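Chain residues, written in single-letter form:
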Amino acid sequence: TNEDWEDFGRAVCKDSSLTFYDDWVGSAEKTSANAYFLEEKMWPYNPDNEHTNDFGWNALPMGYTRNNHTEFEAVGDYGFWWSASEKNSDQAYYRYIYKDLSSFPMNYTSKTDFGASVRCVRIAR
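Along every chain, residues carry numbers that run from 1 in the direction the sequence is written. Totals for whole chains, interfaces and linings use all residues, but because this is a predicted model, local features are given only for residues with pLDDT of at least 70 and pairs of side-chain atoms are given and counted only at 80 or more. Where side-chain values are given, they derive from all heavy atoms of the structure, hydrogens and water being excluded.

1. Comments concerning the pattern of salt bridges
In a structure, side chains of opposite charge can pair up when their charged atoms sit close to one another.
At step 1: We count a salt bridge whenever a side-chain nitrogen from Lys or Arg sits within 4 Å of a carboxyl oxygen from Asp or Glu. One pass over the full model with this rule turns up 5 salt bridges.
At step 2: A salt bridge links Lys99 to Asp77, with the shortest nitrogen-to-oxygen separation between them at 2.9 Å. One end of the pair, Lys99, is in the loop between β6 (91–98) and β7 (106–110); the other, Asp77, is in the loop between β4 (71–73) and β5 (78–86), with 22 residues separating them in the sequence.
At step 3: Residue exposure (1.4 Å probe, protein chains only): buried if accessible area is under 20% of the type maximum, exposed if over 50%, otherwise partly exposed. Take Asp77: its relative accessible area is 26%, and that puts it in the partly exposed class.
At step 4: A salt bridge links Lys111 to Glu86, with the shortest nitrogen-to-oxygen separation between them at 2.3 Å. One end of the pair, Lys111, is in the segment after β7; the other, Glu86, is in strand β5, and 25 residues separate them in sequence.
At step 5: Overall, Glu86 belongs to the partly exposed group, its relative accessible area being 49%.
At step 6: Taken together, the salt bridges that share partners define one network made up of Arg66, Glu71 and Glu73. Counting from the N terminus, the helices are DSSP H or I runs at least four residues long and the strands are E runs at least two residues long.

Have a look at this one:
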């Protein structure tokens, strides 16, 4: 949910006033993994986002799907993750990391025409 994302952002950014709708400046670097696939870097180097994964979330640039999930786009450039919260009956929120940005902003889009990754959240009891 947007509330789960907000809790995550506050922990990563160490900012208790952070909201879901903020851009979370500096958090992309802390959550994106400097990973390799077939000996090639998955995220390209950029001094604004060195992909240090300090928080251990292991974000990868897997892009998104479109056209009834038959086309993959932006692999290697973006990572997108859904929120379980809906904006309305046709749209849902997501957060994304772009290879060249230090922020981890949110947006929303059609639930049927766009496909993003999912991260499960376990509630500590």
